[in-house]
Amino acid sequence: MNTNPLSRLPLRIFNDAARRPPTYTWRATFSTTPSVSAKPLPPRRVIDDADIIENFLKGSGPGGQKINKTSSAVQLKHIPTGIVVKCQDTRSRTQNRKTARKLLGERIEELELGEQSRTAIKAKQKSKKKASADKKKRRKYRALQGEKTAEEEEEGEEGEEVGVDERDNGQIDARLAEPGEEAAKSIDGENRTKPV
Amino acid sequence: MPRIANSIVRRAYAQDPLLPALLGVCRDLSLAANELRWLREHVDELPLAPAPRPLNTSTRRKKRIPNNDKHRLRKIKEAKLRDLVKQRSRGTPLQYLLGTEFFGELELKCGRGVLVPRQDTASTIAHLARLIRDPRNTLPNELRVLDLCTGTGCIPFLFGHELRETRHDISYRMLGVDVSTDALTLATKNLRRFQRKPSSSNLFNTSTTEAKDDGEREDGHNAKGAKVLANFMWADILNSPFEPQIENTPLPLMSAMNLARHPPFWDIVISNPPYISPDAYRKTTARSVRGFEPRLALVPPHPSTIPSSISTGVGSYTTSWPEKTIDTITQDAGDTFYVPILNIAAQVEAKVVLVEVADVEQAVRVARLGENFGFEGVEIWRDRPDDTDEAFPSSPSSPYPKQHSQDSSPGITKKRETKESKNDIPIVGAGNVRCVVFWRGNTGAAWLGKETQNDSILRSESHAMQPSMSRTDKFDGRYHADALLLASKWKGL
Ligand SMILES: C[S@@+](CC[C@H](N)C(=O)[O-])C[C@H]1O[C@@H](n2cnc3c(N)ncnc32)[C@H](O)[C@@H]1O
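Every value quoted in this text rests on a predicted model; they were computed, and no experiment measured them.

Q: Would you explain the overall build of chain B in this entry?
A: When its secondary structure is counted, chain B shows 19 helices and 11 strands. Of the contacts formed within chain B by residues at least 6 apart in sequence, a portion of 72% connects residues at least 24 apart. Summed over its atoms, the accessible surface of chain B is roughly 24,100 Å², and 53% of this surface lies on carbon and sulfur atoms.

Q: Is there a simple way to think about the environment of B:Val378 in this case?
A: Residue and element names in this part refer to chain B. Turning to its location among the elements, Val-378 is positioned in strand S8 (residues 377-384). The exposure class of Val-378 is partly exposed, given its relative accessible area of 22%. Residues contacting Val-378, with those up to four places away along its chain left out, are Ala-367, Ile-425, Pro-426, Val-436, Val-437, Phe-438 and Trp-439.

Q: Help me understand the site of the ligand in this model?
A: Close contacts around the ligand come from 20 residues, with B:Cys149, B:Asp178, B:Asp236, B:Asn272 and B:Ala297 the closest. Chain contributions to the surroundings of the ligand come from chains A and B. Side-chain polar atom of B:Asp236 to a nitrogen atom of the ligand: 2.7 Å apart, as the coordinates give it. Note that an oxygen atom of the ligand is positioned 2.8 Å from one of the side-chain N or O atoms of B:Asn272. Contact with the protein chains removes 97% of the 600 Å² of surface that the ligand exposes when unbound.

Q: Before we go on, may I ask you to explain helix H2 (residues 93-113) of chain A in this structure?
A: For the α-helix, the turn length of 3.6 residues means that residues three or four positions removed from each other point alike. For H2(A), built from 21 residues, the straight-helix expectation of 30 Å at 1.5 Å per residue is met to within 8% by its first-to-last C-alpha distance of 30 Å. Phi for A:Gly114, located one or two positions after H2(A), is positive at around 55°.

Q: How should I be thinking about the confidence of the model for chain A in this particular structure?
A: Do not read the predicted coordinates in detail wherever pLDDT is low. All names here are of chain A. This prediction gives chain A a mean pLDDT of 59; 40% of its residues lie at or above 70. The least confident element of chain A, judged by mean pLDDT, is helix H5 (residues 167-176) at 28; the most confident is strand S5 (residues 83-87) at 93. Within the model, pLDDT remains below 50 along residues 1-41, and this stretch shows 79 contacts once partners closer than five positions in the same chain are excluded. Scored below 50 in pLDDT, residues 147-196 makes 78 contacts in the model with residues more than four places away or belonging to other chains.

Q: For this particular structure, what's the right way to read the confidence of the model for chain B?
A: All names here are of chain B. Across chain B, the average pLDDT comes to 80, with 72% of residues at 70 or higher. A low-confidence stretch, residues 207-223 (pLDDT under 50), is modelled with 45 contacts involving residues beyond four sequence positions or located in other chains. Confidence drops under a pLDDT of 50 for residues 455-493, and excluding neighbours within four residues, the segment shows 40 contacts in the predicted structure.

Q: Even after reading the chapter, I still don't get the nonpolar core, so can you show me in this structure?
A: The nonpolar side chains of soluble globular proteins are, as a tendency, buried together. Residues and elements named next belong to chain B. Within the largest apolar cluster, 53 residues are counted, with the highest numbers of intra-cluster contacts made by Leu-146 and Leu-253. For this core, the element with the highest residue contribution is helix H14 (residues 338-347), accounting for seven residues. Once you skip the residues sitting within four places of it in the chain, Leu-146 turns out to touch Leu-175, Val-177, Leu-253, Met-257, Trp-266, Ile-268, Val-269, Ile-270, Ile-344 and Val-348.

Q: Please clarify how the sheet that holds S5(A) should be interpreted in this entry.
A: Two pairing modes exist for strands in a sheet, parallel and antiparallel, and in both the strands are linked by backbone hydrogen bonds. Residues and elements named next belong to chain A. Across the sheet, three strands lie side by side as S3-S4-S5; this open sheet has antiparallel pairing. Since the sheet does not close on itself, it has two edges, and those belong to strand S3 (52-56) and S5, each with one partner. Neighbour-to-neighbour, the strand axes of the sheet open up by a mean angle of 15°, direction not taken into account. In terms of strand pairing, S3 meets strand S4 (residues 74-78) through five bridges, oriented antiparallel. Considered in S4, the bridge of Phe-56 is made with Val-74. Of the strands in this sheet, S3, S4 and S5 touch H2, which is tilted by about 150° from S5.

Q: Looking at this model, I keep getting lost on the pattern of salt bridges. Mind explaining?
A: In a structure, side chains of opposite charge can pair up when their charged atoms sit close to one another. Residue and element names in this part refer to chain B. For the structure on display, the rule yields 25 salt bridges over all chains. A salt bridge links Asp-16 to Arg-40; the nearest nitrogen and oxygen atoms lie 3.1 Å apart. Taken together, the residues span a long stretch of sequence, with Asp-16 in the loop between helix H1 (6-15) and helix H2 (19-26) and Arg-40 in helix H3 (residues 29-45) at a distance of 24 residues. Under the relative-accessibility criterion, Arg-40 is labelled partly exposed at 33%. The salt bridge partner of Arg-144 is Glu-142, with a shortest N-O separation of 2.8 Å. Given a relative accessible area of 9%, Arg-144 falls into the buried group. A relative accessible area of 2% places Glu-142 in the buried class.

Q: For this particular structure, what's the right way to read the environment of B:Gln245?
A: Residue and element names in this part refer to chain B. Mapped onto the elements, Gln-245 comes out in the loop between strand S5 (228-234) and helix H9 (253-259). Using a relative accessible area of 34% as the deciding quantity, one classes Gln-245 as partly exposed. Each C-alpha atom, one on Gln-245 and one on Ile-425, is 40 Å from the other, the two residues being 180 residues apart in sequence. A polar contact is formed between the side chain of Gln-245 and the side chain of Asn-239, at a distance of 2.9 Å. A distance of 3.1 Å separates a polar side-chain atom of Gln-245 from the backbone oxygen of Glu-243.

Calculation notes
Residues numbered from 1 in each chain as written. Chains lettered and ligands numbered in written order. Predicted model: local features only at pLDDT ≥ 70, side-chain atom pairs only at ≥ 80, totals over all residues. Heavy atoms only, no water. Helix = DSSP H or I, 4+ residues; strand = E, 2+ residues; numbered from the N terminus. Contact = heavy atoms within 4.5 Å. Areas by Shrake-Rupley, 256 points an atom, 1.4 Å probe, with all protein chains shown as cover. Buried < 20%, exposed > 50% of the residue type's maximum accessible area, 1.4 Å probe, protein only. Near = heavy atom within 4 Å. Polar contact = N/O pair within 3.5 Å; in protein donor to acceptor, adjacent residues only side chain to side chain. Expected span 1.5 Å × (residues − 1). pLDDT = per-residue confidence, 0-100. Core = buried A, V, L, I, M, F, W, Y, C linked by side-chain atoms within 4.5 Å. Pairing = 2+ DSSP bridges. Axes fitted to C-alpha atoms, helices over the stretch in contact; angles between N-to-C directions. Salt bridge = Lys/Arg side-chain N within 4 Å of Asp/Glu carboxyl O.

If you want it as structure tokens, here you go:
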């Protein structure tokens, strides 16, 4: 199974992400409580390119015109933490370099923040969303039966964005576009939804 | 080549029965698995027509393909995949089978008869463009890049794509030259693709850009702003205007450029010419390259078959050679193209020149030629010229102490190599030696971010001088027609 969610995305989204510099410094503001006051996370870890050893696997040898290489695999090692990530999803080495840097950033954050890391939160959020989407499905069904209430209508609107099929896309988009804000929005949204 | 261990073949077979066939060319299980995945994805996307419907079916259109048709389609695709795997296992380059190759951020069409663009070339070209596009650089209103031996056109496309990532303030004019009509056909197809799908590159992604075909081009600028002018031209850079011309063969570069009314002056000359000697072609060139990619793109013709004014440059731009240099350039049969290229670069008054080379020995031989053509600066770049401490200044916010030099984990080679020098020529970056970069004058040095003696003066002055001293004004026919005439007479155009 392919464990990288990015590989299922259309290239267009890659390219948007590609425009970003390899070190990301976005900040996340979200609250873990339903309260409105958003507590800012510490700034996202800056990965210093000098801390990375990059290796193009199967990329050694003479090169140039004498050989026609097809390997586009990229391996990154983060020296301070020893984390190694590898990406060989696409035929574009440039794309794989970008994906690998993104993965590395996530792994480092996971290591440092554990449960507080964005990926951990996302994972939690995802399972919650699935539950809530299931719940919504049931509500919609009920609504069709003519039992719709005002409260449900409000949540139903939001439900359009959390369609089961689009969830991956939405999530990645959020992470690439303006992760902090998106995360804040959806987590707040989650919290409004009562746990099932 | 060593035989592949039986255990690996068995593992490959267990993974996919088609996989063992690819082990021979890939020499590596995970690469073979990747290639098989890409081939399969390619076949899946092929627009295979379903079998024609029998005539007696009901008039009602069925939306779903009947089961037996789906089955047929799957059979066809399976057969197609098996065929591609077979071709690949016999050495056909993967990119010919898939029809495209990635070159930096671009995807280019490629095909039999034309060299497949190499990733190493892409990284040096992208690096050059990133240096040139530096916001501190004062560039002409129209930056002109001449690519000799253009093949698919990959080099000027990628340069323009990278340039226009940040510089929309200036126009970009590119001209790709090749002797092969197959190459020019493919390059033109690639141009059309970028034009048709503006989002696929930065070249044509705004309404202000446009490309013109050979022949009907526009002079100068209009007030609308920056644009892209992309052209390809059939010419032979080893042909001499002083030799009798044979019908239906490509003209010498300058004659062809003049005839097509391309500008005679170019800021940057780039070339990835054929550079493998017949000997190295036989001994050190990969079988699948030798067997499937055009020899014309890889091995220069024997020096005796080209006019001596071309092979030595004597009588054209340079008038004499120090004896030693002549020896150097005749020493290797892979070097044939470099003198003609540098000669052309000098004639078009290029400020920066980048030529690809096979290895460090060739790089040093080529680097030594620069002086004779008026180039004051020279540097050798590796595959990843940006891979230096200098290019990645450590961020002060990094929480980690630097300790990378002690690292020696298996499978990971040391990334950084700072500048070192061989025969006093600086070598930049990491990886294998890949190209030689020349520059001329303060402009060339400044564009590459080199500190020149009067660097500070130049930078402040050139800002003040814009735009009155920009190249476009200087060579604009309306203002300097006589200067242009004089120049072309002078160059024997
Ligand atoms: C090594 S390939 C480079 C192609 C492309 N620039 C790239 O990097 O992928 C060399 C190209 O030079 C062309 N060529 C060979 N002899 C030439 C000549 N005398 N004048 C112009 N082009 C020539 C070949 O047709 C081939 O496309």
